[in-house]
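Observations on chain architecture
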2 protein chains.
Amino acid sequence: MIVKKMQALGEKRSVIREIFEYGNARRKEIGAENVFDFSLGNPSVPAPDAVGEALIKMLQESDSVSLHGYTSAPGDLGVRASIAEYLNKTYNVGAKPSDLYMTVGAAASLSACLSAVAGAGEEVVVFAPFFPEYRVFTEQTGASLRIVPADETNFEINFDALADALSEKTAAVIINSPNNPSGAVISEASIIRLAEILSAAEEKYGHVIYLIADEPYRELVYDDIAVPYVTKYYDDTLVCYSFSKSLSLPGERIGYVLVSPTAKEHDAVYAAICGAGRALGYVCAPSLFQKLLPHCLGMVSDLATYKLNRDLLYEGLSSSGFTLKKPDGAFYLFMKSPEADANAFCERAKKYELLLVPGDDFACPGYVRIAYCVTTEQIRRSLPAFAALAKEYSL
Amino acid sequence: MIVKKMQALGEKRSVIREIFEYGNARRKEIGAENVFDFSLGNPSVPAPDAVGEALIKMLQESDSVSLHGYTSAPGDLGVRASIAEYLNKTYNVGAKPSDLYMTVGAAASLSACLSAVAGAGEEVVVFAPFFPEYRVFTEQTGASLRIVPADETNFEINFDALADALSEKTAAVIINSPNNPSGAVISEASIIRLAEILSAAEEKYGHVIYLIADEPYRELVYDDIAVPYVTKYYDDTLVCYSFSKSLSLPGERIGYVLVSPTAKEHDAVYAAICGAGRALGYVCAPSLFQKLLPHCLGMVSDLATYKLNRDLLYEGLSSSGFTLKKPDGAFYLFMKSPEADANAFCERAKKYELLLVPGDDFACPGYVRIAYCVTTEQIRRSLPAFAALAKEYSL
């Protein structure tokens, strides 16, 4: 019998996708250059040249059977050794290949981790604003989401509300820094405070609470902002990483989970992540793109464009009178809606061909997300439209 | 809390993998050329040249952002249109792009289909011998497996036992033709009879029963054997396809689900498959390998080597006195163990450095699987070892 929950998940198009489809229709009507579509978090800069070069070289020189063959389920051992070496050199993680499980991108990293550590009757704590699929992956395990409301001063962590959210039911806590949709980066002081609170909660409730660090935007930070490496501060950390944004390869689905070498139940949780991957139908991460990674670790696609976009857009919006904080990372601006209902504001923005995403979907009403992973030309051309929109609100 | 079921799945290495690891140890001890490892179903022939050529051309000529970007969740529309056109031309399926959902390989195809149509309290019928991961994917949905014992005369379908297995609980039936591990191909007459039985059961129990056709070996058949295209015979068919074996790309994880255009609940089950893919953490199938497919539809990697291997091995084993049927497809021989306990036989075979897989894992005790996707040289060199082993049993 058709599983209704799955049918509903397949039928309900996300709000972001709806806006993007509206944009497609408008592009046909009035020309792509006249639609200011800020809806999708799809990298707009190409992969570093080294990516294509390394792929071509492997295809020309490697034996087809080994290049395209199955890797072991947790991933090619040499690839995992390279990543461990890179993490140790860069963040002093103390990682071994046996701490790493290669995945089919960040969504697969998250779903494997959540299926490994959360189940019916348990809770996964998330901080608003958060990526809406966290709910889907959590509920798939039988656990439920416990939402900590946003700290609107800086979009880091609302510590007062966190204290209320933790309980004997807490299986895991998800953080996402740099954050989608706010662009906020959690400071070292906040990570230290979070680690203290979670350690106390582990003690109080007598079981491990996993801190899942969802980090697809780790390298997308500006102005020398530091993104603390979480395993240093909290032992029971699972890092979910993806190369989608850093290497502009979102469609290729390649990432990994790092189980902190210091995790108290290290071997059991690593096995459970491997088992969850198996149960969900992941055989191995794509072989060619696994083998690409040793050639590209530490590389980042053109950050200067994103920074220029951020600066232009931040200046333009601020001088038009909108209220927003300059984001430190990722490629999103999270702006206060000038009217309480962000959906109504987004509708009004459409009159100026500005396509923005209401914060409601990220559990943060009253805000809009503006994805600036677009051409700089689009940013420049959109500023008069934003200015005209601001005028409607007498900003 | 760590999910024990997942931990167990991660800790328990499959029997096949155990044998392969034993082989790795022996290869180090006595040299690879002296170990006759028939354990793994990993294609031994390279991908067709057109695969590497098309990949290189795309990497040299295509825009990086669109080549590596997200595709829509069900897959790139142009790719799906090409596959539909190929299926229509080749099998007269009447497929549209909206019948196709691109997946991260056959395991993902199966897990998405099973999560879409089966749940707690329901049963999924499988025919022994069958691929052991069917159990994992089925149990992940909350449903349980109902095993129809093998028809040992031809390893097609044991129709008498099937009648007993069907009930109001039956959500789906899985067939796998050409079969892993037997190499059997289900004949058109058997497909017709199966379709009649399932249609009668749908009528009797008042709900749809999905026929899941797991077809990664569709093109790997010899001597002009026909593999009937199942949608022609039964409306409620879900075809799970993978390019792993046909194009020798098992590590790249690329395949699709075809929902039969005639399925009674077509739109609902298609949505449920999309929803299941989403819930399991699949965002899209790998973009570069999706875009490769229109260049390679209908191509098959070197079948002549597999056929030669099959013929040499079949002749050699038969003339040594072993009992086996010549397989029509895939790259496996399924041979009767000369003693009742196939595990004991496999242990004895190890004395001759012959690594075989007991049929027990495929729910078919008393048989062994011999994967002949190896070098022809290995086949030739192994025949004296098989002959010596046969002598131990006075065959």
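Residues numbered from 1 in each chain as written. Chains lettered and ligands numbered in written order. Predicted model: local features only at pLDDT ≥ 70, side-chain atom pairs only at ≥ 80, totals over all residues. Heavy atoms only, no water.

1. Looking at the overall build of chain A
Within chain A one finds 14 helices and twelve strands. The dimensions of chain A, computed from C-alpha atoms along their principal axes, are 60 × 55 × 50 Å. Counting every position in chain A, which comprises 395 residues, the buried fraction comes to 63%. For chain A, restricting intrachain contacts to residue pairs at least 6 apart in sequence, the fraction spanning at least 24 positions comes to 74%. (Helix = DSSP H or I, 4+ residues; strand = E, 2+ residues; numbered from the N terminus. Buried < 20%, exposed > 50% of the residue type's maximum accessible area, 1.4 Å probe, protein only. Contact = heavy atoms within 4.5 Å.)

2. Notes on the interface of chain B and chain A
Taken together, the contact pairs 70 residues of chain B with 70 residues of chain A. Summing both partners gives a buried area of about 5,600 Å² for chain B against chain A, and 61% of it is carried by carbon and sulfur. Its largest share of buried area at the contact with chain A, chain B owes to Met1(B), Tyr70(B) and Arg278(B), together 14% of the area lost on that side. Where chain B touches chain A, the interface holds two salt bridges. At the junction of chain B and chain A, the tally comes to 31 residue pairs in polar contact (both at pLDDT 80 or more). (Buried area = accessible area lost by both parts, 1.4 Å probe. Salt bridge = Lys/Arg side-chain N within 4 Å of Asp/Glu carboxyl O. Polar contact = N/O pair within 3.5 Å; in protein donor to acceptor, adjacent residues only side chain to side chain.)

3. Considerations on the sheet that holds strand S11 (residues 357–358) of chain A
Residues and elements named next belong to chain A. Strand order across the open sheet formed by three strands is S9-S12-S11, with antiparallel pairing between neighbours. Of all the strands in the sheet, just strand S9 (332–336) and S11 have a single pairing partner and so form its edges. Pairing analysis gives two bridges linking S11 to strand S12 (residues 367–371), with the strands arranged antiparallel. Within the sheet, the bridge partner assigned to Pro358 lies in S12 and is Val368. In the packing of helix H12 (residues 303–319) onto the sheet, the strands contacted are S9 and S12, and the crossing angle to S9 comes to about 10°. (Pairing = 2+ DSSP bridges. Axes fitted to C-alpha atoms, helices over the stretch in contact; angles between N-to-C directions.)

4. Observations concerning the relation of the copies chain B and chain A
Overlay of chain B on chain A (RMSD 0.0 Å): rotation 180°, translation along the axis 0.0 Å. Both chain copies can therefore be described as sitting about a two-fold axis. Taken as a fraction of all interface residues of chain B, those also at the interface in chain A reach 100%, which identifies the copy contact as same-surface. (Least-squares fit on C-alpha atoms with pLDDT ≥ 70 in both.)

5. Regarding the confidence of the model for chain A
Residues at a pLDDT of 70 or more form 100% of chain A, whose mean pLDDT is 96. In the predicted assembly, ipTM is 0.95 and pTM is 0.96. (pLDDT = per-residue confidence, 0-100.)

6. Some details on the packing of helix H3 (residues 49–61) of chain A against helix H3 (residues 49–61) of chain B
Relative orientation and spacing of two packed helices are given, respectively, by the angle between their axes and the distance between those axes. The contact between H3(A) and H3(B) brings their axes to 10 Å, and the two run at 160°. It follows that H3(A) is roughly antiparallel to H3(B) by the angle criterion. Regarding H3(A) and H3(B), the two cross each other, and that crossing is left-handed. Each of Leu55(A), Ile56(A), Leu59(A) and Gln60(A) in H3(A) lies in contact with H3(B), whose residues at this interface are Leu55(B), Ile56(B), Leu59(B) and Gln60(B). (Parallel < 35°, antiparallel > 145°, perpendicular 65-115°, else oblique. Left-handed = near helix turned anticlockwise from the far one by under 90°.)

7. Here's the deal with helix H13 (residues 342–350) of chain B
Of the positions making up H13(B), those classed as buried are Ala342(B), Phe345(B), Cys346(B), Ala349(B) and Lys350(B). For H13(B), the buried positions fall inside an angular range of 145° around the axis, keeping them on one side. (Arc of directions from axis to C-beta.)

8. Remarks on the pattern of salt bridges
Residues and elements named next belong to chain A. Counted under the stated rule, the structure contains 38 salt bridges over all chains. Linking Lys264 and Glu202 is a salt bridge whose minimum nitrogen-to-oxygen distance equals 2.7 Å. Taken as a pair, Lys264 in the loop between strand S8 (255–259) and helix H10 (266–279) and Glu202 in helix H9 (residues 188–205) lie far apart in primary sequence, 62 residues in all. For Lys264, a relative accessible area of 53% puts it in the exposed group. Where Lys326 meets Asp311, a salt bridge forms, and the shortest distance between an N and an O atom there is 3.6 Å. In this pair, Lys326 sits in the loop between H12 and S9 while Asp311 sits in helix H12, placing the two residues 15 residues apart along the sequence. Linked by salt bridges that have partners in common, Asp223, Lys307, Arg310, Asp311 and Lys326 make up one network.

9. Some remarks on the packing of helix H6 (residues 106–117) of chain B against helix H10 (residues 266–279) of chain B
All names here are of chain B. Closest axis-to-axis distance for the H6/H10 pair is 8 Å, and the angle between their directions is 120°. Accordingly, the angle class assigned to the pair H6 and H10 is oblique. Viewed along their axes, H6 and H10 form a crossing whose handedness is right-handed. Here H6 contributes Ala112, Cys113, Ser115, Ala116 and Val117 to the contact with H10, which in turn contributes Val269, Ala272, Ile273, Ala276 and Gly277. Taken together, the residues of the contact of H6 with H10 sort by class into eight nonpolar, two polar and no charged. (Nonpolar A, V, L, I, M, F, W, Y, C, P; charged D, E, K, R; others polar.)

10. Describing the nonpolar core
One finds Ile212(A), Leu238(A), Ile273(A), Ile212(B), Leu238(B) and Ile273(B) to be the most contacted residues of the largest nonpolar core, which totals 102 residues. Not counting chain neighbours up to four residues away, the residues in contact with Ile212(A) comprise Leu110(A), Cys113(A), Leu114(A), Ala172(A), Val173(A), Ile174(A), Ile175(A), Leu238(A) and Cys240(A). By size, the runner-up hydrophobic cluster in this structure holds 67 residues, among which are Val51(A), Tyr229(A), Leu87(B) and Leu258(B). (Core = buried A, V, L, I, M, F, W, Y, C linked by side-chain atoms within 4.5 Å.)

11. Thoughts on unusual backbone geometry
Residue Pro178(A) follows Ser177(A) across a cis peptide bond; omega there is -5°. Along the chain, the position of Pro178(A) falls in the loop between strand S5 (170–175) and H9. The backbone of Phe155(B) sits at a positive phi, close to 60°, despite the residue not being glycine. Among the secondary structure elements, Phe155(B) is positioned in the loop between strand S4 (144–148) and helix H8 (159–165). Positive phi, normally seen in glycine, also occurs at Ala363(B), with a value near 60°. Assignment of secondary structure puts Ala363(B) in the loop between strand S11 (357–358) and strand S12 (367–371). A relative accessible area of 28% places Ala363(B) in the partly exposed class.

12. Examining the packing of aromatic side chains
Residues and elements named next belong to chain A. All chains considered together, the criterion is met by 35 aromatic pairs over all chains. On the basis of an interplanar angle of 80° and a centroid distance of 5.6 Å, the ring pair of Tyr217 and Tyr332 is categorised as edge-to-face. With Tyr217 in the loop between strand S6 (210–214) and strand S7 (237–242) and Tyr332 in strand S9, this residue pair connects regions lying 115 residues apart in the sequence. By the ring-pair criterion, three or more aromatic residues cluster together here, those being Phe38, Phe322, Phe345, Phe386 and Tyr393. (Phe/Tyr/Trp six-rings, centres within 6.5 Å; stacked < 30°, edge-to-face > 60°.)

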